[in-house]
Amino acid sequence: MSNTDMLTKADILKHLKTENLDVSVFKSVTSTNKILKEMAVKNAREGTVIVALSQTDGHGRYDRKFYSDFGGIYLSVLLRPKLLNFDATLLTSAVAVAVSNAIDEVAKRSTKIKWVNDILLDNKKVCGILCEGGFCGDDSFFVVGIGINACPTKNGLDDQIKDIATTLFNTYSTDILATLCARVIDNLFYEYNHLQNREFLTTYRQKSAVLGKEITVLSMGENIGTAIAVEIDDECRLLVEFENGEKKKLISDEISIKIAN
Ligand code: BT5
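A quick note: this is a predicted structure, and the numbers were derived from the prediction, not measured. (Residues numbered from 1 in each chain as written. Predicted model: local features only at pLDDT ≥ 70, side-chain atom pairs only at ≥ 80, totals over all residues. Heavy atoms only, no water.)

### Overview of the sheet that holds strand S9 (residues 222–232)
If you trace the 5 strands from one edge of the open sheet to the other, you get S11-S10-S9-S8-S12, paired in antiparallel fashion. Across the chains shown, the open sheet's two edge strands, defined by having one partner strand only, are strand S11 (247–250) and strand S12 (255–259). Neighbour to neighbour, the strand axes of the sheet diverge by 45° on average, direction disregarded. (Pairing = 2+ DSSP bridges. Helix = DSSP H or I, 4+ residues; strand = E, 2+ residues; numbered from the N terminus. Axes fitted to C-alpha atoms, helices over the stretch in contact; angles between N-to-C directions.)

### Brief notes about the site of the ligand
Residues in contact with the ligand amount to 26 residues; listed here are only the nearest, Ser31, His59, Arg64, Lys125 and Asn149. A distance of 2.8 Å separates an oxygen atom of the ligand from a polar backbone atom of Arg61. For the ligand, a nitrogen atom lies 2.8 Å from a polar atom in the side chain of Asn149. Contact with the protein chains removes 92% of the 800 Å² of surface that the ligand exposes when unbound. (Near = heavy atom within 4 Å. Polar contact = N/O pair within 3.5 Å; in protein donor to acceptor, adjacent residues only side chain to side chain. Areas by Shrake-Rupley, 256 points an atom, 1.4 Å probe, with all protein chains shown as cover.)

### Overview of helix H3 (residues 88–107)
Given 3.6 residues to a turn, an α-helix orients residues that are three or four positions apart in the same direction. Look at H3: 28 Å from first C-alpha to last across 20 residues, which is about the 28 Å you get at 1.5 Å a residue. In terms of burial, H3 is a largely internal element, 17 of the 20 residues being buried. Lys108 sits one or two residues past H3 and shows a positive phi near 55°. (Expected span 1.5 Å × (residues − 1). Buried < 20%, exposed > 50% of the residue type's maximum accessible area, 1.4 Å probe, protein only.)

### A look at the pattern of salt bridges
Here the structure, examined in full by the defined rule, presents 12 salt bridges. As a salt-bridge pair, Arg237 and Asp233 come within 2.7 Å of each other at their nearest N and O atoms. Relative accessible area serves as the criterion here: at 8%, Asp233 is assigned to the buried category. A salt bridge links Lys249 to Asp233, with the nearest nitrogen and oxygen atoms 3.4 Å apart. Remark: Asp233 occurs in the loop between S9 and strand S10 (238–242) and Lys249 occurs in strand S11; sequence separation between them is 16 residues. Sharing partners across several salt bridges, the network here consists of Glu105, Arg183 and Asp186. (Salt bridge = Lys/Arg side-chain N within 4 Å of Asp/Glu carboxyl O.)

### Observations concerning the sheet that holds strand S5 (residues 118–121)
Strand order across the open sheet formed by 7 strands is S1-S2-S3-S7-S6-S5-S4, with mixed pairing between neighbours. Only two strands of the sheet have a single partner each, and these edge strands are strand S1 (22–26) and strand S4 (112–114). Between one strand axis and the next, the sheet turns through 20° on average, direction left out of account. Of the strand pairs in this sheet, strand S2 (residues 48–52) and strand S3 (residues 73–79) are connected by 4 bridges, and their pairing is antiparallel. Following the sheet pairing, Ala52 is matched in S3 by Tyr74. Taken strand by strand, helix H4 (residues 174–193) contacts S2, S3 and strand S7 (139–148), and its axis lies near 25° from that of S3. (Contact = heavy atoms within 4.5 Å.)

So, in structure tokens, the structure goes:
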């Protein structure tokens, strides 16, 4: 990639509508979430946004690797909710709606959400989201990390993920990355500021890749059964019915699911 291809802060600000944000863009970092968590404990303010064009140590839940080569867009946003009992599951789900809508708008595609917060395009993962909480003194904060396979990487998707992942666009363009990044951030702040009315739930359910489907439920990586995904409740828990008729409400951070073929 030549320097003229480098996405800059100015490129993003040109498209960004949300005001009063503190955006930094880096060519390569370890992990935008890691850096922003370190900044958060040192009092970085809400609205601090770190964008990277690649990560050497991008991670997902349970420290799983998130492949983050040049071509994708990797960003983290710092939130400092004022509410007591702020619900991180709702935030994560609302962010999924924000990102899915942003991708659909910019790419003119129709993405789905795999509970809780993977974004799928044609049944393959195009984006992963990781919300991590922490404390700064008595105050809690959340770092929302988003990784999107936006444009092709030099060597294509890694062998480890090429069967389950996909890329949004066929060619590289800084304008695509800038527009996508700005829409994601704008939508994220919209959903964050409207979280309490739970308006996002309607779209969340409409975009669900799992409702009505047969799913394999994994708890800590272990298969605990096949079930039908019946409902997503107002707390974003997934109601499933196992083959033996047993019903269970799944909580996001306890399980992960595989959609059966
Ligand atoms: C996630 O975790 O999908 C959340 C990923 C969050 C990444 C962002 S990038 C910016 C910020 N900084 C970070 O360090 N992280 C955040 P999880 O649901 O645990 O899924 C991880 C799994 O997704 C891996 O085990 C792979 O199977 C798959 N995967 C890894 N890289 C991928 C990629 N680039 N595209 C699609 N799938 C991928």
